[in-house]
Each structure stands twice: as C-alpha cells, then as structure tokens.
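Summary of the model geometry
Listed below are the residues making up each chain.
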Amino acid sequence: VQLQASGGGLVQAGGSLRLSCAASGRTFSNYVMGWFRQAPGKEREFVAGISRTSSTKYYADSVKGRFTISRDNDKNTLYLQMNSLKPEDTAVYFCAADINSGLRVGRAPNEYDYWGQGTQVTVSS
C-alpha cells in the first residue's frame, strides 16, 4: 500500500485547507483510514478516522466541528477538510491505513499499518 498526502501549506488563522491522500497498491475500500498529526517536539496524535464505507467517523476533541474527514472509494482518495484553522493546528499531517481492523476505527498510531510521507500545515496568527 502506498499513500501520498498532499494539500498542506501556509495559511492564516481562520483560514481553510483541504488535505488529500491518494492510495494505491491494494483495494482502498477495504481499509479503515485515518489522519494524524505531529508538531515539533510532540508525539503523533490522532486527528480523525473513517470506516471503510464512511458510516463511522471519529474526531479528536481539538478539531471537532472544524475538520471533516471523507473518502472517495472510487478515486482511492482520503480527504481532510480543515476550516477555522488555529496556530495550534500547525503540524505535519499524515494519512494512514489500517488493513486489519474490520469495522473498528482505531485512534492509536500503532493500530495503523501503512503511512504516507506527511504534508506540512502551518497556521500563522
């Protein structure tokens, strides 16, 4: 499984960005997918996760109401729409695939098997 994240950049506080994660190599619709982020000096943290059919979505409390995770199984692509961005959202954002979870959407990094290379999001105040 290869994952390629894109869409990061520099944005002012209150602005928006949409991240994309293109998947290849196996059947995308079989994976639970997640977004994580890691700020300098901090551990990688869960941002959002989505089940294989999009029926279940989970969000970290810090992004709930501002971020929306979605997927297009026909296009093998995962998305993260980020609105009302704050300086504390600054981090490298990673997409990840869990190929063994069945129906459960995990929130821990060690539950995910494949990772993209990360895309930098910087929010200026």
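Figured I'd write up the structure that's included with this text. (Residues numbered from 1 in each chain as written. Predicted model: local features only at pLDDT ≥ 70, side-chain atom pairs only at ≥ 80, totals over all residues. Heavy atoms only, no water.)

**A short note on the environment of Ser125**
Mapped onto the elements of the fold, Ser125 is located in the segment after strand S11 (119–124). Separated by 12 residues in the primary sequence, Ser125 and Asp113 have C-alpha atoms spaced 35 Å apart. Sequence-distant contacts of Ser125, that is, excluding residues within four places in its chain, are made with Ala13 and Pro87. (Helix = DSSP H or I, 4+ residues; strand = E, 2+ residues; numbered from the N terminus. Contact = heavy atoms within 4.5 Å.)

**A short note on the nonpolar core**
Membership of the largest hydrophobic core comes to 37 residues, with the highest contact counts inside it found for Met33, Trp35, Leu78, Leu80, Met82 and Tyr93. Only strand S1 (2–6), strand S3 (17–24), strand S4 (32–38), strand S5 (45–50), strand S7 (67–72), strand S8 (77–82), strand S9 (91–98) and S11 provide two or more residues apiece to this core. With five residues, the top contributor of residues to this core is S9. Beyond its immediate stretch of four places on either side in the chain, Met33 contacts Leu3, Cys21, Phe28, Ala48, Gly49, Ile50, Ile69, Arg71, Leu78, Ala96, Ala97 and Tyr112. (Core = buried A, V, L, I, M, F, W, Y, C linked by side-chain atoms within 4.5 Å. Buried < 20%, exposed > 50% of the residue type's maximum accessible area, 1.4 Å probe, protein only.)

**Some details on the state of the cysteines**
In total, this model carries one disulfide according to the counting rule given. Between the sulfur of Cys21 and that of Cys95 lies a disulfide, 2.1 Å long from S to S. Because the sign of the S-S torsion sets the handedness, a value of about 65 degrees for the bond joining Cys21 and Cys95 places this disulfide among the right-handed ones. One end of the pair, Cys21, is in strand S3; the other, Cys95, is in strand S9, and 74 residues separate them in sequence. A residue is classified by how much of its surface remains accessible, and Cys95, at 0% relative accessible area, is buried. (Disulfide = S-S within 2.5 Å.)

**Focus on the pattern of salt bridges**
Tallying each qualifying case throughout the model produces five salt bridges. With a closest N to O distance of 3.1 Å, Asp61 and Lys64 form a salt bridge. Overall, the relative accessible area of 66% leaves Asp61 in the exposed class. What you see here is one network of salt bridges that share partners, running through Arg37, Glu45, Arg66 and Asp89. (Salt bridge = Lys/Arg side-chain N within 4 Å of Asp/Glu carboxyl O.)

By themselves, these figures tell us nothing about what the structure is for.
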